[in-house]
Amino acid sequence: MIKTLRSHPYWTLFLFTMIIYLMGNQFLAVTDTAESNYALTAKEMVLSGDWISPQIYGRYWYDKPIFYYWELALSFALFGFNEMAARLPAAILGSASVLFTYWFARRTYGEKVGWLSAIILGTSVECWVLSKAVITDSTLFLFMSGAVAFFYLGYTENRKYYYLCYVFAALATLTKGPIGILLPGLGCFLFLIYKKDFREMAHVHLISGLCLFAVIAGAWYGTMCYLHGSDFLLNFIGVHNFLRATVSEHPSHNKWYFYIIIYFAGFAPWSFFIPYSLYRRWKEKKLDLRNARDATQLLLIYAFVVFIFFEFVATKYTTYTFPALFSLSILTGVLYKDISFRIEKTGLALGVLYSVLALTVAPSIMLNHSGKEVGEALAHMDTEGKTIAFLDTYRTSAVFYSGKTIYRAVEGDKIESMEPGTLSWNAKNVMPFIAEEKLVNDPNAILITKDNDRSPFLIAYNEDLDSYRINVSGEYSLWLR
């Protein structure tokens, strides 16, 4: 059976990955905060007809570039505003990443390594999770991997491939920003330094390649600068790139071992076997980077660049080092090419396990991190003339599911200090605000609270006018008058 499957590798890998990446997606609620921001932005893009300037809550939103929003908006336009459509782009790009990894590893190391590399990548925990998630990372992975791969082919086969390196770097930059060219470019540059091949630097088509890059990436960036000027530059470059790199958004993650944990968890189960295997090879004196293939040297350098770069970036996210799995998957395939049958069996078992988890465990976990039940309850209510507001925890996903305007209720004297407009993390507070004081005497208010909320405001809200409670989930309640 394995021989039959391997005789049609592209179809086998495509069907296998699409099954495990799509399985159960219709039951996985859009979660907060990252997924719901992308989903609501793409939904508003479709409804507004503006496919150039991302917007959320009716306000322009400069958190990420445009490419992933295009993918998501196209999926919504074709299949409607639902979970399956929301998760489809990541699944397609995740599968494409596995196929591309197979193509490149096979071309570079041979068919067996290509096959194993694809299985290892496709069944790693992080690749599975991110290929089902409503975020940019599957798309970014493919484009950054393409930039590195085509640089290598340009270096070893035909320099015309360098142009594809610039094309993929431009697409990566349209997906996540400057790191789309910075990290592949730095990895490739350090590779040439390591090889002491300074002469090749004159043949990478730097001028014409950067012009090609500028045409592709600059078309959207230039348009945004023209349309939105300093507002776009302040928020996209200032907040979401400079501030993210220099001021931690999540200080609790700022541990030196953060990405070590992410490596073992994200590249599981393969990550747990590699240290011992490398130790054995070192003891046997079989590890020699200096005499390794050019591809091995480049992939190692690229992986280290990704990890070290994000180690020095102030804001740490679990997904930031995901692009390094392109290198790790191929090098692991090289490491274990002599035990291919065990890799294949393990990959198949993981595919079954992931499918079971997607149908049983994942739906309840995702629902607990979503405002779907609140949103669906509001969608079926007549809220004409009503003021709807979240008290405490705000759920963007409730806006996505309900299609209603939902305010964030805070004390009136704090609103001005929380609104965006400066070089601060307030740039993420683009939802509409409303003063708690306005809600107390509003007979048309609908207040959304957590079930355990005992805040003084909620007590005053209920005492001032008669209100009744509708429990919509095990976590949230609606208070109506």
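Look above for the structure.
This one's a predicted model, so the numbers in the text were calculated from it and none came from an experiment. (Residues numbered from 1 in each chain as written. Predicted model: local features only at pLDDT ≥ 70, side-chain atom pairs only at ≥ 80, totals over all residues. Heavy atoms only, no water.)

Caption draft 1: Structural view of the overall build of the chain. Assigned secondary structure in the chain consists of 22 helices and eight strands. A compact globule built from 481 residues would reach a C-alpha radius of gyration of about 23 Å, and the chain, at 24 Å, matches this within 12%. Projected onto its principal axes, the C-alpha coordinates of the chain cover approximately 80 × 50 × 40 Å. The buried share among the 481 residues of the chain stands at 54%. Considering only residue pairs separated by 6 or more positions, the chain has 75% of its internal contacts joining residues 24 or more positions apart. A total accessible area of about 21,600 Å² is found for the chain, and carbon and sulfur atoms account for 64% of it. Side-chain charges of the chain comprise 41 positive and 39 negative groups, with the mean position of each set lying 15 Å from the other. (Helix = DSSP H or I, 4+ residues; strand = E, 2+ residues; numbered from the N terminus. Rg over C-alpha atoms; globule rule 2.2 N^0.38 Å. Buried < 20%, exposed > 50% of the residue type's maximum accessible area, 1.4 Å probe, protein only. Contact = heavy atoms within 4.5 Å. Areas by Shrake-Rupley, 256 points an atom, 1.4 Å probe, with all protein chains shown as cover. Lys, Arg positive; Asp, Glu negative; His and termini not counted. Charge placed at Lys NZ, Arg CZ, Asp CG, Glu CD.)

Caption draft 2: Examining the nonpolar core more closely. Membership of the largest hydrophobic core comes to 135 residues, with the highest contact counts inside it found for F151, V374, I406 and I448. Residues within four places of I448 in sequence aside, it is in contact with V374, L378, I388, A389, F390, L391, I406, Y476, S477 and L478. Counting twelve residues, the second-largest nonpolar core is a separate cluster that includes L391, I434, L447 and F457. (Core = buried A, V, L, I, M, F, W, Y, C linked by side-chain atoms within 4.5 Å.)

Caption draft 3: Representation of the pairing of strand 4 (residues 407-410) within the structure. Where strand 3 (residues 387-391) lies against strand 4, three bridges are found, and the strand directions are parallel. Residue pairing in the sheet places A389 in a bridge with Y407 of strand 4. Following the backbone out of strand 3, through helix 19 (residues 396-402) and into the adjacent parallel strand 4, one traces a crossover that is right-handed. (Pairing = 2+ DSSP bridges. Right-handed = clockwise from strand over helix to strand, strands pointing away.)

Caption draft 4: A look at the packing of aromatic side chains. Counted by the stated rule, this structure contains 43 aromatic pairs. When the centroid spacing of 6.4 Å and the interplanar angle of 80° are considered together, the rings of F141 and F326 count as edge-to-face. In this pair, F141 sits in helix 8 (residues 137-156) while F326 sits in helix 15 (residues 325-335), placing the two residues 185 residues apart along the sequence. As far as burial versus exposure is concerned, F141 and F326 are alike and both buried. Taking 4.9 Å as the distance between ring centres and 75° as the angle between the ring planes, the aromatic pair formed by W220 and Y221 counts as edge-to-face. Each member of the pair, W220 together with Y221, is buried. (Phe/Tyr/Trp six-rings, centres within 6.5 Å; stacked < 30°, edge-to-face > 60°.)

Caption draft 5: Representation of the sheet that holds strand 7 (residues 468-471) within the structure. Pairing is mixed across the open sheet formed by six strands, whose spatial order is 5-4-3-6-8-7. Of all the strands in the sheet, just strand 5 (433-435) and strand 7 have a single pairing partner and so form its edges. Looking at each pair of strands side by side, their axes are set apart by 35° on average, direction ignored. Here strand 7 pairs with strand 8 (residues 476-480) via four bridges, running antiparallel. (Axes fitted to C-alpha atoms, helices over the stretch in contact; angles between N-to-C directions.)

Caption draft 6: Expanded view of helix 4 (residues 67-79). Here helix 4 spans 19 Å end to end across 13 residues, near enough to the 18 Å set by a 1.5 Å rise per residue. Among all positions in helix 4, only F67, Y68, Y69, E71, L72, A73, S75 and F76 are buried. In this structure, the buried residues of helix 4 make contact with helix 3 (34-48), helix 5 (83-109), helix 8, helix 9 (161-176) and helix 19. Of the residues flanking the end of helix 4, it is G80, one or two places downstream, whose phi is positive at about 95°. (Expected span 1.5 Å × (residues − 1).)

Caption draft 7: Structural detail: the state of the cysteines. Per the counting criterion, the structure on display carries zero disulfides. Of the cysteine sulfurs around C188, a residue in no disulfide, the closest is that of C165, at 5.3 Å. For C188, a relative accessible area of 5% corresponds to the buried category. Free cysteine C225: the closest other cysteine sulfur is in C211, separated by 18 Å. The exposure class of C225 is partly exposed, given its relative accessible area of 31%. (Disulfide = S-S within 2.5 Å.)

Caption draft 8: Quick peek at the pattern of salt bridges. Counted according to the given criterion, the structure contains twelve salt bridges. Salt-bridge contacts for E475 lead to R395; the nearest nitrogen and oxygen are separated by 4.0 Å. With E475 in the loop between strand 7 and strand 8 and R395 in the loop between strand 3 and helix 19, this pair connects stretches of sequence that are 80 residues apart. The class for E475 is partly exposed, based on a relative accessible area of 24%. Residue classification places R395 among the buried residues on the basis of a relative accessible area of 10%. One connected set of salt bridges, linked through shared partners, spans D32, R395, K450 and E475. (Salt bridge = Lys/Arg side-chain N within 4 Å of Asp/Glu carboxyl O.)

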